[in-house]
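Structural characterization, general
The lines below spell out each chain.
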Amino acid sequence: MKTESWQQCIIPSCGKKYSVKERRTACDCGELLDVKYRGDYPKSLQETFSERRNHGPNIFDESGVWRYRELINFVGVETENYDFYSKKLVSLDGAEGRTKPVHLTRVAEYVGIKTGNFWLQFEGDNPTGSFKDNGMATAFTHAKMVGAKKVVCASTGNTSSSAAAFAANELDMEAVIFVGAGKIAKGKLAQTLAYGAKVLQVKGDFDVAMAMVKALSEKSGIYVVNSLNPFRLEGQKSMMYRVLDYLSWEVPDWIVLPGGNLGNTSAFGKAFMELYDYGWIKKKPRIAVVVAEGAPTLYDLYNERNLRWNNGDIDNEIIEEYYSEIDRKGVKASTKATAIEILKPVNLKKALRTLEYTGGAVTKVPDEDILDAMAMVSSNGFGCEPASAATVAGIKKLVEQGEIGTDEVVVGILTGHMLKDFKAIVDYHFNPKNRFANTPLTVEPDINEVLDLIEK
Ligand SMILES: *Cc1c(COP(=O)(O)O)cnc(C)c1O
Ligand SMILES: [Zn+2]
């Protein structure tokens, strides 16, 4: 099956189109771009996708991204012609995107939703330990398509880990990484260095590093793999395809996720808009975005200043005012959930579109609730990093506020692996004041004392 595709400005009053062969991070007018498609999308593809889960030796059927290649076919491959597409599509040997929603009884109880209605999808189970691998598969495919040899990103650690791994796995590809000095969890820094990327520590936070990347891309044409790259978001749509695929295409009432740069928020909304257009789904799930209190931009703009997508006619003054206030007061993002420690999310406008389209919601949670939620996820034998646990803390809050009904079906996306930020976990459990702390006991090597302790 073949499709036609192009890039297009997200703002309808501009709507300028560009070839998919162009590498750009914005429209000439400065706004974000979408990847658009024209093709046939028969519902029978749902069966094809399901059958590909029995992938045999085909790594592109094994990949939880490329299994859905008909829905993200910006390369224009013949999707049933292995010899053709295997030369064009980039994959970590089929390992990316192999996740699905799972039930967690204790967490369901904790957030106040019936176990059978509550699902979490652990994107930390990706090969580099975060959902970013879904997006790098498509971003690197596009980089390869346009002949790029060097990619760049700013990162709080997971984008860099993923970009570094994909670059290492491709011949002829090099990754340059900007991180805020001291702003990145050790597990993530370790990966990025180990995969051999060139790491530049910028004196500043993520927002500063991101500004550097934008400036560099304008000057040098280096290929940007941050989420303002619309091709990366195409891969991230696959998280929603897997949710639906494993739920037999029954649309849940809510999808809940953490918001950082709002790439996932944007990608998920786009996935549902397209499936709705194709007639595959009859209702859209409401998308709830959870931000940290220490990085509240979307919450402030959406809930307090009433900023809306408004069919693409956005009141830019509200955004400019907010950002200039931040700059004037010298406000910096500050949360233990470092992956969402971002004050100027690059995909803000696409996220507004998602919220409008799905009747979504935005909430914010303090670090204390995030860390309790993280501990709670582990009480079920699973785990995630702090930013991911914002999802669980956010669901709990939305249920308490009556926004999410206790009978509704909720799927939470947990974005990163628990060992990414093991320090946050150790710190939590070593402090007995924390609600779910499992503080280790120190004992003399005395068998009677030990017997006493373990029988308590
Ligand atoms: C990147 C990242 C986020 C933020 O995702 P956005 O798409 O930028 O909103 C959240 N959690 C983890 C673990 C991440 O790595
Ligand atoms: Zn434009």
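Presented here is a report on the structure given in the accompanying data block. Everything quoted here is computed from the prediction, not taken from an experiment. (Residues numbered from 1 in each chain as written. Chains lettered and ligands numbered in written order. Predicted model: local features only at pLDDT ≥ 70, side-chain atom pairs only at ≥ 80, totals over all residues. Heavy atoms only, no water.)

1. Considerations on the coordination of the zinc ion (ligand 2)
Those donors, Cys9 (SG), Cys14 (SG), Cys27 (SG) and Cys29 (SG), are the protein atoms that reach the zinc ion (ligand 2), and they lie 2.3 to 2.4 Å from it. Taken in sequence order, the residues that donate to the zinc ion (ligand 2) follow the motif C-x4-C-x12-C-x1-C. On the basis of relative accessible area, Cys29 is assigned to the partly exposed category, the value being 43%. (Donors = N, O, S within 2.8 Å, 3.2 Å for Na, K, Ca; no water. Buried < 20%, exposed > 50% of the residue type's maximum accessible area, 1.4 Å probe, protein only.)

2. Brief notes about empty space enclosed by the protein
Here the structure, examined in full by the defined rule, presents four cavities of 30 Å³ or more. Of the pockets and cavities examined, the largest cavity occupies roughly 280 Å³. Forming the boundary of the largest cavity are 26 residues, of which Phe131, Lys132, Gly260, Asn261 and Ala339 lie nearest the centre. At the level of secondary structure, the elements contributing two or more residues to the lining of the largest cavity comprise strand S6 (150–155), helix H6 (158–169), helix H9 (230–236), strand S10 (254–258) and helix H11 (263–277). Broken down by element, the lining of the largest cavity gets its largest block of residues, three residues, from H11. Considered class by class, the residues forming the lining of the largest cavity number 10 nonpolar, 14 polar and two charged. Taken as a whole, the second largest cavity holds about 60 Å³ of empty space. If you go around the second largest cavity, the residues you meet are Ser155, Thr156, Gly180, Lys183, Asp205, Phe206, Ala333, Thr338 and Glu341. The class makeup of the residues in the lining of the second largest cavity is two nonpolar, four polar and three charged. (1 Å grid on protein atoms, 1.4 Å probe; cavity = no way out; pocket = protein on both sides within 12 Å on 5 of 7 lines; lining within 4 Å. Points joined across faces, edges and corners; volume = space filled by probe spheres on them. Helix = DSSP H or I, 4+ residues; strand = E, 2+ residues; numbered from the N terminus. Nonpolar A, V, L, I, M, F, W, Y, C, P; charged D, E, K, R; others polar.)

3. Comments concerning the pairing of strand S8 (residues 198–202)
Strand direction decides the pairing type here: strand S7 (residues 174–180) and S8, joined by five bridges, are parallel. When the sheet's bridge partners are listed, Ile177 is paired in S8 with Val199. Once you follow S7 into helix H7 (residues 186–194) and on to S8, the crossover reads as right-handed. (Pairing = 2+ DSSP bridges. Right-handed = clockwise from strand over helix to strand, strands pointing away.)

4. As for unusual backbone geometry
One non-glycine residue with positive phi stands out, namely Asp172, at about 65°. Mapped onto the fold, Asp172 is located in the loop between H6 and S7. Unusually for a residue other than glycine, Asn310 sits at a positive phi of about 55°. Tracing the chain through its elements places Asn310 in the loop between helix H12 (297–304) and helix H13 (316–329). By relative accessible area, Asn310 is classed as partly exposed at 42%.

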